[in-house]
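Spelled out, the chains give:
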Amino acid sequence: MNLAKVLSSRGFYITFVNTEFVQERLVQSGGAMTYGASMNIRFETVPDGLPAQHGRTHDITDLAKSMEDNAHIHLGKLMEKLQNRPDIPPVSFIVSDGLLSKLQNTANDYGVPRIAFWTTSACGFMLYFSMPQLIEEGYLPLKDATGDINKGI
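No experiment lies behind these values; they were computed from the predicted model shown.

What counts as what
Residues numbered from 1 in each chain as written. Predicted model: local features only at pLDDT ≥ 70, side-chain atom pairs only at ≥ 80, totals over all residues. Heavy atoms only, no water. Helix = DSSP H or I, 4+ residues; strand = E, 2+ residues; numbered from the N terminus. Polar contact = N/O pair within 3.5 Å; in protein donor to acceptor, adjacent residues only side chain to side chain. Contact = heavy atoms within 4.5 Å. Core = buried A, V, L, I, M, F, W, Y, C linked by side-chain atoms within 4.5 Å. Buried < 20%, exposed > 50% of the residue type's maximum accessible area, 1.4 Å probe, protein only. Pairing = 2+ DSSP bridges. Right-handed = clockwise from strand over helix to strand, strands pointing away. Salt bridge = Lys/Arg side-chain N within 4 Å of Asp/Glu carboxyl O.

Caption draft 1: Region of the structure containing the side chain of S96. Assignment of secondary structure puts S96 in strand 3 (residues 94-97). Polar side-chain contacts of S96 include one of 2.7 Å to the side chain of R114. Excluding anything up to four places from it in sequence, S96 contacts L103, R114, I115, A116 and F117.

Below, the structure written as structure tokens:
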């Protein structure tokens, strides 16, 4: 959101896209309502692909898989909707979460540049970056003392 505020203060029109679940939580907290039309920031939502009763905050694996499988589809539908609205400027750039790599296809389809914004910590980035080497050297997947990966540690 800080990046959106900075860009808006420099004249950019921002459409901030959240999942429906996240947006509802922001609305309940009052957080989403603190930025308005005066900053040229508006909010849109897309579904995350999970049923309403799913425990998103407790099972992040399902959420990550669903977003990887579905986010580009929902963003494509949103892009179509936004491109056909005469009251807002056309989408000219996409800044997205770095984990949603399929969104590049959507950006390509609409001929707009996309930058992947990686929001993880330096430690998390190094783990992700080092994963192939850790697997190759046998450190991953994690095993218990007997070498059984099914029991975990």
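Anyway, onward from the coordinates.
Caption draft 2: Up close: the nonpolar core. The biggest cluster of nonpolar side chains holds 16 residues, and the ones touching the most others in it are L75, M79 and I94. Elements with a minimum of two residues in this core: helix 3 (60-83) and helix 4 (103-110). In terms of residues, this core owes the most to one element, helix 3, which gives seven residues. Those residues in contact with L75 that lie beyond four places of it in its chain are I94, L103 and T106.

Caption draft 3: A look at the pairing of strand 4 (residues 114-117). Here strand 3 pairs with strand 4 via four bridges, running parallel. From the neighbouring strand, V95 faces strand 4, where its bridge partner is I115. Read from strand 3 through helix 4 to strand 4, the crossover connection turns out right-handed.

Caption draft 4: Molecular detail of the pattern of salt bridges. Going through the model one piece at a time under the given rule, you end up with five salt bridges. A salt bridge links D48 to R56; the nearest nitrogen and oxygen atoms lie 2.4 Å apart. The exposure classification of D48 matches that of R56, with both residues buried. The salt bridge partner of D69 is K65, with a shortest N-O separation of 2.7 Å. With D69 and K65 both in helix 3, this residue pair falls four residues apart, about one helical turn. D69 sits in the partly exposed class, given a relative accessible area of 30%. Each of R42, E44 and K81 takes part in salt bridges that share partners, so that together they form one network.

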